[in-house]
Amino acid sequence: MMAVRRSILVAVRNIQCFVAVPITVGVPQGSILEPLLFLIYVNDLPSCQLASKIILYADDTVIYYSSTDLFDLESKLNSDLAAISNWFSSNLLTLNISKCNISKCNIS
């Protein structure tokens, strides 16, 4: 398989602002294979050995954990978030914190 050489160049009003920088990781955007390649790229996220359950749908991820003990809930979720953060770092990905939410549900 031949490696595709990609680079990024910033230009404003046809004026080159920076020298082209090679892109060495990630999924090529703008192709019909982009969604498939992205899913292959993140497909091993559930292998992080989490206490929580994990659901992947397209580019959204949900982790959830149920407990009657609030300390247990906080401890497990914090541990799982640390594992997910390590997975992101080792796969050269970043997490958009502004798109992250937490929900607490009480079932009585």
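Residues numbered from 1 in each chain as written. Predicted model: local features only at pLDDT ≥ 70, side-chain atom pairs only at ≥ 80, totals over all residues. Heavy atoms only, no water.

Trainee: Explain the environment of I107 to me, please; I cannot follow it from the model alone.
Mentor: By the secondary structure assignment, I107 is in the segment after α2 (70-90). Using a relative accessible area of 84% as the deciding quantity, one classes I107 as exposed. Sequence-wise, I107 and T68 are 39 residues apart; in three dimensions their C-alpha atoms are separated by 9.8 Å. (Helix = DSSP H or I, 4+ residues; strand = E, 2+ residues; numbered from the N terminus. Buried < 20%, exposed > 50% of the residue type's maximum accessible area, 1.4 Å probe, protein only.)

Trainee: Can you help me understand the pairing of strand β6 (residues 60-64) in this one?
Mentor: When a strand is regular, its side chains alternate between the sheet's two faces. Looking at chain direction, strand β5 (residues 53-57) and β6 are connected through five bridges and run antiparallel. Its bridge partner lying in β6, Y57 is registered against D60. Here β5 folds back onto β6, and the loop between the two strands holds two residues, one of which, A58, carries a positive phi near 50°. (Pairing = 2+ DSSP bridges.)

Trainee: What is the right way to read the side chain of D80 from this model?
Mentor: Relative to the assigned elements, D80 resides in helix α2. Although D80 lies buried, it forms no salt bridge, and the closest oppositely charged side chain, K76, sits 7.8 Å away as judged by the N-O distance. Among the polar contacts made by the side chain of D80, one reaches the side chain of S52 at a distance of 2.4 Å. (Lys, Arg positive; Asp, Glu negative; His and termini not counted. Salt bridge = Lys/Arg side-chain N within 4 Å of Asp/Glu carboxyl O. Polar contact = N/O pair within 3.5 Å; in protein donor to acceptor, adjacent residues only side chain to side chain.)

Trainee: In this structure, what is going on with the nonpolar core? I would like to understand it.
Mentor: Burial of nonpolar side chains together is a common tendency in soluble globular proteins. Residues V42, L45, C48, L50, I84, W87 and F88 constitute the largest nonpolar core, which totals seven residues. Looking at this core element by element, the count peaks at three residues for α2. Not counting the four nearest positions on each side in its chain, C48 is found in contact with A83 and W87. (Core = buried A, V, L, I, M, F, W, Y, C linked by side-chain atoms within 4.5 Å. Contact = heavy atoms within 4.5 Å.)

Trainee: What am I meant to see in the packing of aromatic side chains here?
Mentor: Centre-to-centre distance and the angle between the planes together describe a pair of aromatic rings. A full pass over the atoms with the stated rule returns one aromatic pair. Judged by centre distance (5.5 Å) and plane angle (80°), the rings of W87 and F88 are edge-to-face. Note on F88: relative accessible area 16%, which makes it buried. (Phe/Tyr/Trp six-rings, centres within 6.5 Å; stacked < 30°, edge-to-face > 60°.)

Trainee: What exactly am I supposed to notice about unusual backbone geometry here?
Mentor: For residues other than glycine, phi is negative in most cases, and the peptide bonds are mostly trans. With a phi close to 60°, Q49 is a non-glycine residue in the positive phi region. Residue Q49 is classed as exposed on the basis of its relative accessible area, which comes to 71%. For L92, which is not glycine, the phi torsion reads 55° and is therefore positive.

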